[in-house]
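Single-letter residue listing:
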Amino acid sequence: MYQALYRKYRPQTFDDVVGQGAVTQTLKTQLLSGHMSHAYLFTGSRGTGKTSCAKILSKAVNCLNPHNGNPCNVCPACRAIDSGSCIDVLEIDAASNNGVDNIRDLREKANIAPTKGKYKVYIIDEVHMLSSGAFNALLKTLEEPPEYVMFILATTEPHKLPATILSRCMRLDFKRVPEEILATGMADICQQKGINVTEGALRLIAANADGSVRDGLSILDQCISGGQKNVDRADVLEFLGTVGEEVMLELTEKVVLRQPSEALLLLEQVFADGKDVRQFMKDWLAHYRNLLITKFIKNPEDMLNLSPENVERIRHQSDSLDLADINFAIIEISRTMSEAKWSTQPRILLELAEFFCWGRRRYLGSLTCSRGILRLVCLHRCFLQRKIRKSYYLM
């Protein structure tokens, strides 16, 4: 059976983990000195290596022949943990085992010494999903576990954990992996598989991964799933359901030139090609962010992850827009994206947002003192409301 890239290339040692140098160095130093904590809390966004590091740590503390803080991955203990047959390393999903009874069962089993390894390791993933009673049941064991027990808690939402849990763990924060590191890692994988991927395609995948190694490899997996040996930026755009920068420039230009009918026809053409509405909103918001950045940064090529030609086009369009127009569009599109999450007709909301962005330039762009006029209108409205309220109380 085919194995997904993010599973096939899961790191097996701390040296294989990308973008988390501070975390892996701390763990290796503790392993070499023998001063390991009894409870760790791994926090960070999805796909940054929390569970992978937890499994590597569980192998390292039980490895028979560790090398410079890394597990050897060849001894019986390492192979048993990799295959999932080691009963001394238990991985628990807190989302489905979040009750008091589950934690009580864990506490009873924690008192039993490990059968083969040196340590009994409990990896509790998504620990913030535990119930309040389950947290209380875990407190005492987490504070004073047997000397052969180690807890590794992983979560994407540490703010949901009680302070009593946080104070009993050594916290290590996993950062989002930079796009450059993601692109380099995916290029190495493509080279091993004999696939030619352009630099623009890799940078686009890395940008859409949003710092997640797993998301990036999943997108790459989709792009090469058809068996093609050459992947370019257009292929990635097709798989992502997104459009190129040229469409965003054209749509924004039609809004600037007050051509709502042509803008709607352009949207119709885009969605007729099967593009996702919510992804299109995300891309349009990113385009306005690019317009905002080019107003303040002289050479934003690396920051925007775009070609010099597209950066120049964005700069030209940014010069034709007021800062207030860009701010209004960013706020309006963001609000539309939030509402579209729960809507069955997100396209209508997008078209309405396009009208709002056009309408602002149509009706407010011709007013040289629009802010002052709007402020006077608001003050007059408040004055009338106070007058009506006062007359009501005098009756």
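Further up the page is the structure itself.
Remember, predicted model here, so these are calculated numbers, not experimental data.

Draft legend 1. Spatial organisation of the overall build of the chain. Broken down by element type, the chain carries 19 helices and seven strands. Considering only contacts in the chain between residues 6 or more positions apart, those separated by 24 or more positions represent 75%. Total accessible area on the chain stands at roughly 21,600 Å², and carbon and sulfur atoms take up 54% of it.

Draft legend 2. How the structure looks around the sheet that holds strand β5 (residues 170-174). Strand order in the open sheet made by the five strands is β2-β3-β4-β1-β5, with parallel pairing throughout. Each edge of the sheet is formed by a strand with only one pairing partner; in this case those strands are β2 (89-93) and β5. On average, each strand axis in the sheet is tilted by 15° relative to the strand beside it, whichever way the strands run. Two strands pair when backbone bridges link them, and strand β1 (residues 39-44) and β5 are joined in this way by five bridges, in the parallel orientation. Across the sheet, the residue bridging to Leu41 is Arg171, located in β5. Sitting on the sheet, helix α2 (residues 21-33) touches β1 and β5, and the angle it makes with β5 is about 145°.

Draft legend 3. Quick look at the packing of aromatic side chains. According to the stated counting rule, one finds five aromatic pairs in the structure shown. Consider the rings of Tyr122 and Phe151, whose centres lie 5.6 Å apart with planes at 20°: the pair is stacked. Taken together, the residues span a long stretch of sequence, with Tyr122 in strand β3 (residues 120-125) and Phe151 in strand β4 (residues 149-155) at a distance of 29 residues. Classification of Tyr122 by relative accessible area gives buried; the value is 1%.

Draft legend 4. Quick peek at helix α3 (residues 50-62). Counted at 1.5 Å a residue, the expected span for α3 with its 13 residues is 18 Å, and the 19 Å between its end C-alpha atoms agrees. Within α3, 11 of the 13 residues are buried, which leaves the element mostly enclosed by the surrounding structure. For α3, the full list of buried residues reads Lys50, Ser52, Cys53, Ala54, Ile56, Leu57, Ser58, Lys59, Ala60, Val61 and Asn62.

Draft legend 5. The arrangement of the pattern of salt bridges in detail. This model, assessed by the stated rule, comprises 17 salt bridges. Glu180 is the partner of Arg203 in a salt bridge, and the nearest nitrogen-oxygen pair spans 3.5 Å. Residue Arg203 is located in helix α9 (residues 199-209), and its partner Glu180 is located in helix α8 (residues 179-193); the two are separated by 23 residues in the primary sequence. Judged by relative accessible area, Arg203 falls into the partly exposed class, the value being 21%. Overlapping salt bridges bring together Glu250, Lys254 and Glu262 as one network.

Analysis parameters
Residues numbered from 1 in each chain as written. Predicted model: local features only at pLDDT ≥ 70, side-chain atom pairs only at ≥ 80, totals over all residues. Heavy atoms only, no water. Helix = DSSP H or I, 4+ residues; strand = E, 2+ residues; numbered from the N terminus. Contact = heavy atoms within 4.5 Å. Areas by Shrake-Rupley, 256 points an atom, 1.4 Å probe, with all protein chains shown as cover. Pairing = 2+ DSSP bridges. Axes fitted to C-alpha atoms, helices over the stretch in contact; angles between N-to-C directions. Phe/Tyr/Trp six-rings, centres within 6.5 Å; stacked < 30°, edge-to-face > 60°. Buried < 20%, exposed > 50% of the residue type's maximum accessible area, 1.4 Å probe, protein only. Expected span 1.5 Å × (residues − 1). Salt bridge = Lys/Arg side-chain N within 4 Å of Asp/Glu carboxyl O.

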